[in-house]
Amino acid sequence: MFVRELVLRQRIEILNALCSSGSAEHLEQVLDILLSQGELTWEDYQNIQVSGRALHCNARKLLDLVYIKGEDTCGLFFAAFKIVLPDAKGVGTSSSGCSSTLEEKEEHQSTCTETLLTQRPSLVEKLRGCIDGALEDLVTSGHFTSADCCEVQLPIHTPCQQARRLLDHVRSKGESAAKVVLQFIQHKQEPVSPLSQEKWTPPKEVLKYQKKLSSSISAQSCFLSTYGGTSHMSLDDIYTDGQLELAHNCVDVNGPLSLEDIVGAVGTVNKEADTVLVSGEAGGGKSTLLQRLHLLWARGAALQDFLLLFPFSCRRLNSEQRELSLQELLFQHCCWPDRQQEEIFQFILDHPHLILFTFDGLDELKQSFSDEHRHCCPTQRAPVHILLFNLIQGSLMKGVRKVVTSRPEAVGPLLKKHLCKEVLLKGFSPSGIDCFVRKHHSDAHVAAKVLESLRTNTALLGLCHSPVLCWIVSQCHKELLGCGEGSLQTITDVYLMILRHFFQHQSSQKNTTGLCWLQQHLQTVLHLGKLAFDGIGATCYIFSGTDLETCGVTEKDICMGFLMQSKDISTHAEGYEFLHLTMQCFFAALYIVLSENTDRSTIPKLFETQKMKEAGQSSRCFIACLPSTDQPQRPSGGETTAAETPNRQITATFVSGLLSHRHRNLWLHCCPSAVMEKRVRQVVKCLSKGMQKHFKSIPQPVEGEKKSMHAMPDFVWLIKCIYEMQEDRVAKDAMSKLEVDHLKLTYCNIGPVECTALAYVLQHLRNPVGLQLDNNSVGDVGVEQLLPCMHICNSLHLRNNNITDEGIRKLLAKTIQCENFKKIALFNNNLTDACTQHFSHLLKIKQNFVSLRLGNNNLTEKGAKQLAEGLACNHSLQYLGLWGNKIGDAGAESLATALENSKTLVWLSLVDNGVGSAGACALSNIIKNCTSLEELW
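Quick caveat, the model's predicted, so the values are computed rather than measured. (Residues numbered from 1 in each chain as written. Predicted model: local features only at pLDDT ≥ 70, side-chain atom pairs only at ≥ 80, totals over all residues. Heavy atoms only, no water.)

1. Some details on the overall build of the protein
Here is step 1 of the chain: A tally of regular secondary structure across the protein gives 47 helices and 19 strands.
Here is step 2 of the chain: In the protein, once contacts between residues fewer than 6 apart in sequence are set aside, the share between residues at least 24 apart is 77%.
Here is step 3 of the chain: Total accessible area on the protein is roughly 40200 Å²; 50% of this is exposed by carbon and sulfur atoms. (Helix = DSSP H or I, 4+ residues; strand = E, 2+ residues; numbered from the N terminus. Contact = heavy atoms within 4.5 Å. Areas by Shrake-Rupley, 256 points an atom, 1.4 Å probe, with all protein chains shown as cover.)

Here you go:
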């Protein structure tokens, strides 16, 4: 049978083999080979690989083309197919006359661009793990712009697809760009990793163990494990990069961090330490990030400096009651070697630099971090938390790299002194939200409708920066699209939506309508609520069958979908855990609000601030509210666990939202009205009392200075609770007692969600205030959330907040109408010349504006000239800071012309702008003519 005829006869089998995985990788590998053999032209390739077209359509185009090209091309297609899919069934060319083979192309071609085609399969393989380095070389050499880099590194692409996009872009840039890439690959192939530096091969038993370990980790990591591993969703299909930043400023870091940068040398502060902390809020994507790292290592796509990787869940380590040696911890909780355990463990001890440990959820450990109990012997047994703490601080297995995740509230200075660096995971960027929603919905039309709904509800868009909330919104898209614009405003709203979503999708009573749905499922809510409530009090997140039975949880309750099965690897005992920690806190809050069995002191203890704790009024919040017979066992010594305060605060936030007037009709038939009203009064009283304690702590100002308040994290939490209640009277009452000139909230983890709450409360201030939000995660969406309170702000400081020109456009469109607004500081953001037209317009209009600071952004002479147009018309500006930009001589000359006759300018900084002699000569005119000027930098 002729090969050409086989392409027709086996068409269905070929299409199924190329497309059944849902990934385009197999098709693209075949295309790479055919391109390298010269059987496809570049135009052929572009006609097949049409962006946005369905995978099976592209595959059909390829089959049509090879059939048209004839017998030889069909033979080479089958040869390429067998290389990519050697085990594909029902596809083959075993009949006589069908034995085409691929030719080995010479490596040295007449041009570098030709080499990109002829060596394409091997180049993709070599580039896929080092895209960042290749892009850096291309940018440095001037061949790529930041826009080119962004197009290559679209989060939706796999590493191999990114490598192909890079090669395609480089080919379009010409010969010199191709040469840069080929030189980069050549240098990259030189031995640099610890494995290659040692010039040896690890023992066979270690390599066998590595294969078993990677296979085990791959199996555990290939499907999304958080949120219950929803619908067995492939991690490749849904994973979306979050925003990673160093916790401290680092001059060597430009742009966002990659996953490999987490364990790399970049940003290292303490070279003697081995532990990296990844911190982020609950629901911020920490567990999913670690899962992605594990999967990439298991596939050999990342972290290849490490021969062995051992992943641990602190949540599961809580259930380990035995004392273990380090060897038992590694092998029993991760992967047991089939043979030669002692030799493998000795290899681990002898080569710590080849080993990586990850510990997910340190904040969920029952014991708070301590370095009091030293343990240095790897063979001696000790409680698991002692092993963990000594691994982190380096007393045990010094030299092994450790990656630990935790919520920031649970990390104290005692732990931080043992860190080599801290990386902040700040949730999704706006483009990340877009990418996640599109990945979550295979129907592009539905994804577009969800995104449009988010854009019309900026409060909800702000919430979606948290991956767990973005997941809920995507999961409940039908409810979202049917609930009307603006009705979802708070985190509580979103969790109530998923509560209803699960009940209505699992319940056999399909006629559930109106407000009766909660009443119908009240017993399930109370059973799961008590389980959550008791668990948080005992720092327990995995529940046994006995725990479920004690709380009355039935099989019907489990089937609702809020719990997922959890197996302990060491004991093989099956248990249950909530889909997410925040879901457990939500059910605990439902129990507090709806149960008639909670103590009257529950809510006051729930809302204790850190100040009260320091005064000796420690809460033991949930434990103290339970009858003595129900009180679960706590850690020895009575110490507060790392997770207790953040869990309590999340629960209190939900309680505030559930007791909002907006939701009280929901509880009408579930709890007596008198009880509900009493609990509302309790929450309002607690919030008022908590705010007053903050206000009383404000020191009196030094004579001649403004009264300033530096808010603590508890203050931000109380503000969020007030916002969840959505009652103006509570916000007005809180702000009526705040009398300061300057409110400072630096390094307070302020993101879009917090900005929404701040604006809601601060708009009720009596007098204008300066608002300082430096070194947070406000971003463009957060800026938009702050707009409602701009009328009461006389100054705004947003240093280092990842704000772009679009955020500034919206901000200035609002503040230009605000009489009180007179000062802004935006240094160290992502501003370009595009924002200067808006500042120029503001300067022309607002003749009471006094301070503009735009240091360390990306302004050039074009931006300086645009600013100069506004400055020439302004008669009030006193302070102008443009240090750390690129305005050059031409920009300095434009500014000098605009400012030389100013009667108000007091201070001007143009440090580090590439200003030379010509610019300095122009600036001398300001010194001559501007009598008000006091400082020129």
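2. Considering the pattern of salt bridges
Here is step 1 of the chain: What the rule picks out here adds up to 37 salt bridges.
Here is step 2 of the chain: Salt-bridge contacts for Arg 292 lead to Asp 236; the nearest nitrogen and oxygen are separated by 2.7 Å. Taken together, the residues Arg 292 in helix H17 (residues 286-299) and Asp 236 in helix H15 (residues 235-238) connect sequence positions 56 residues apart.
Here is step 3 of the chain: Given a relative accessible area of 28%, Asp 236 falls into the partly exposed group.
Here is step 4 of the chain: Here Asp 434 ties to Arg 455 by a salt bridge, and the two come within 3.3 Å at their closest N and O atoms. With a gap of 21 residues between them, Asp 434 in helix H23 (residues 430-440) and Arg 455 in helix H24 (residues 444-456) connect regions that are remote in the sequence.
Here is step 5 of the chain: Salt bridges sharing common partners tie together Glu 25, Glu 28, Asp 32, Arg 120, Arg 164, Arg 165 and Asp 168. (Salt bridge = Lys/Arg side-chain N within 4 Å of Asp/Glu carboxyl O. Buried < 20%, exposed > 50% of the residue type's maximum accessible area, 1.4 Å probe, protein only.)

3. Observations regarding helix H3 (residues 25-36)
Every α-helical turn comprises 3.6 residues, leaving residues that sit three or four positions apart pointing alike.
Here is step 1 of the chain: Across its 12 residues, H3 extends 16 Å between first and last C-alpha, which sits within 8% of the 16 Å expected from 1.5 Å per residue.
Here is step 2 of the chain: When you tally the buried positions in H3, you get 10 out of 12 residues, the bulk of the element.
Here is step 3 of the chain: Turning to H3, its buried residues are Glu 25, Leu 27, Glu 28, Val 30, Leu 31, Asp 32, Ile 33, Leu 34, Leu 35 and Ser 36.
Here is step 4 of the chain: Downstream of H3 by a residue or two, Gly 38 has a phi angle that is positive, lying close to 80°. (Expected span 1.5 Å × (residues − 1).)

4. Re the pairing of strand E2 (residues 275-279)
Here is step 1 of the chain: Burial analysis of E2 places 5 of its 5 residues in the buried class, which makes it a mostly covered element.
Here is step 2 of the chain: The side-chain alternation of E2 yields two buried faces, one formed by Thr 275, Leu 277 and Ser 279 and the other by Val 276 and Val 278.
Here is step 3 of the chain: In terms of strand pairing, E2 meets strand E7 (residues 401-406) through 5 bridges, oriented parallel. Note that in E7 the partner of Val 278 across the bridge is Thr 405.
Here is step 4 of the chain: Relative to strand E8 (residues 419-425), E2 is paired through 5 bridges, and the arrangement is parallel. From the neighbouring strand, Leu 277 faces E8, where its bridge partner is Glu 422. (Pairing = 2+ DSSP bridges.)

5. A word on the packing of helix H43 (residues 805-815) against helix H44 (residues 836-845)
Here is step 1 of the chain: H44 packs onto H43 with a crossing angle of 10° between their chain directions and a minimal axis gap of 9 Å. The orientation of H43 relative to H44 falls into the category roughly parallel. Packed against H43, whose contacting residues are Ile 808, Arg 809, Leu 812 and Thr 815, the element H44 presents His 838, Phe 839 and Leu 842 at the interface.
Here is step 2 of the chain: When the residues that make up the contact of H43 with H44 are grouped by side-chain class, the tally is 4 nonpolar, 2 polar and 1 charged. (Axes fitted to C-alpha atoms, helices over the stretch in contact; angles between N-to-C directions. Parallel < 35°, antiparallel > 145°, perpendicular 65-115°, else oblique. Nonpolar A, V, L, I, M, F, W, Y, C, P; charged D, E, K, R; others polar.)

6. Regarding the sheet that holds strand E1 (residues 244-246)
Here is step 1 of the chain: The sheet built from 6 strands is open, its strands ordered E1-E8-E2-E7-E5-E3 with mixed pairing. The strands lining the two open edges of the sheet, one partner per strand, are E1 and strand E3 (308-313). Pairwise comparison of adjacent strand axes, ignoring direction, gives a mean angle of 20° for this sheet.

7. Quick look at a positive patch on the surface
Here is step 1 of the chain: Among the surface-exposed residues, Lys 685, Lys 689, Lys 693 and Lys 696 lie close enough to one another that they form a single positively charged patch.
Here is step 2 of the chain: Turning to its location among the elements, Lys 685 is positioned in helix H38 (residues 673-696).
Here is step 3 of the chain: Classification of Lys 685 by relative accessible area gives exposed; the value is 62%. (Patch = residues over 30% accessible without salt bridge, like charges linked within 9 Å, V, L, I, M, F, W, Y side chains within 5 Å. Lys, Arg positive; Asp, Glu negative; His and termini not counted. Charge placed at Lys NZ, Arg CZ, Asp CG, Glu CD.)

8. Looking at the sheet that holds strand E11 (residues 708-710)
Here is step 1 of the chain: Strand order in the open sheet made by the 9 strands is E11-E12-E13-E14-E15-E16-E17-E18-E19, with parallel pairing throughout. Edge positions in the open sheet fall to E11 and strand E19 (935-936), since each of these has one partner strand only.
Here is step 2 of the chain: Where strand E13 (residues 769-772) meets strand E14 (residues 793-797), 4 bridges bridge the pair, whose relative direction is parallel. Looking across to E14, one finds that Val 769 is bridged to Cys 793.

9. A closer look at the environment of Leu 871
Here is step 1 of the chain: Structurally, the position occupied by Leu 871 is in helix H45 (residues 861-873).
Here is step 2 of the chain: A relative accessible area of 4% means that Leu 871 is categorised as buried.
Here is step 3 of the chain: Separated by 26 residues in sequence, Leu 871 and Thr 897 place their C-alpha atoms 9.6 Å apart.
Here is step 4 of the chain: Apart from residues lying up to four places away in sequence, Leu 871 is in contact with Leu 843, Leu 877, Leu 880, Leu 895, Ala 898 and Leu 899.

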